[in-house]
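# Chain and residue survey
What follows is the residue order along each chain.
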Amino acid sequence: MKPLTRSLAVMCVTVAMSAPLAACANGILGNRGGDTTCGDFLTQDESAQRDTIRTYLQEKGDDPVNLQIDTTRIVVLGFCRTIARDGDPIRRIEGNN
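All values derive from a computational prediction rather than experimental measurement. (Residues numbered from 1 in each chain as written. Predicted model: local features only at pLDDT ≥ 70, side-chain atom pairs only at ≥ 80, totals over all residues. Heavy atoms only, no water.)

### Quick notes on the overall build of the protein
- Of regular secondary structure, the protein possesses four helices and zero strands.
- Ordered by position from N to C terminus, the α and β elements of the protein give α-α-α-α.
- In the protein, which comprises 97 residues, the share counted as buried stands at 30%.
- Here the analysis covers contacts within the protein between residues at least 6 apart in sequence; of these, 49% occur between residues at least 24 apart.
- Of the accessible surface of the protein, which amounts to about 6,400 Å², a share of 58% is contributed by carbon and sulfur atoms. (Helix = DSSP H or I, 4+ residues; strand = E, 2+ residues; numbered from the N terminus. Buried < 20%, exposed > 50% of the residue type's maximum accessible area, 1.4 Å probe, protein only. Contact = heavy atoms within 4.5 Å. Areas by Shrake-Rupley, 256 points an atom, 1.4 Å probe, with all protein chains shown as cover.)

If you want it as structure tokens, here you go:
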């Protein structure tokens, strides 16, 4: 196999193998903001949770800053770990959904 052909083959395999990981970084369906379920939210890493919270707050019309994102993330974690069910969307914390 020529070096260029081999390099292209390795690159194609690498891209093909990393695509599912990128798709799962924010959950199977990506970042769904307030529609993200507690079950999905709790399996996300901190960075993905922050992105989810940022999207959720933007859906509500806010232009969130780091403190608001961090505070909301902690509140949602508590909600999801205590009274919510895995299938409940995180927006349910508002009490009207």
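From this point on, the discussion continues.
### Structural notes on the packing of helix α3 (residues 46-59) against helix α4 (residues 66-82)
- Relative to each other, α3 and α4 sit at 105°, their axes nearing to 9 Å. Here α3 is positioned roughly perpendicular relative to α4, judged by the angle of their axes. For the pair α3 and α4, contact is made by Glu46, Gln49, Arg50, Ile53, Arg54, Tyr56 and Leu57 and by Asn66, Gln68, Ile69, Asp70, Thr72, Arg73, Val76 and Leu77, respectively.
- Class assignment for the residues of the contact of α3 with α4 results in six nonpolar, four polar and five charged. (Axes fitted to C-alpha atoms, helices over the stretch in contact; angles between N-to-C directions. Parallel < 35°, antiparallel > 145°, perpendicular 65-115°, else oblique. Nonpolar A, V, L, I, M, F, W, Y, C, P; charged D, E, K, R; others polar.)

### Quick word on the pattern of salt bridges
- Taken as a whole and judged by the stated rule, the model has six salt bridges.
- Notably, a salt bridge pairs Arg50 with Asp70, separated by 2.1 Å at the nearest N-O pair. With Arg50 in helix α3 and Asp70 in helix α4, this residue pair connects regions lying 20 residues apart in the sequence.
- Residue classification places Arg50 among the buried positions, given a relative accessible area of 17%.
- For the salt bridge of Arg54 with Asp51, the shortest nitrogen-to-oxygen distance reads 2.9 Å. Placement of both Arg54 and Asp51 in helix α3 is noted, with a separation of three residues, approximately one turn of the helix.
- A relative accessible area of 26% places Arg54 in the partly exposed class.
- A single salt-bridge network, built from bridges that share partners, covers Asp35, Glu59 and Arg91. (Salt bridge = Lys/Arg side-chain N within 4 Å of Asp/Glu carboxyl O.)

Everything listed here is a matter of coordinates, which is why it stays silent on function.
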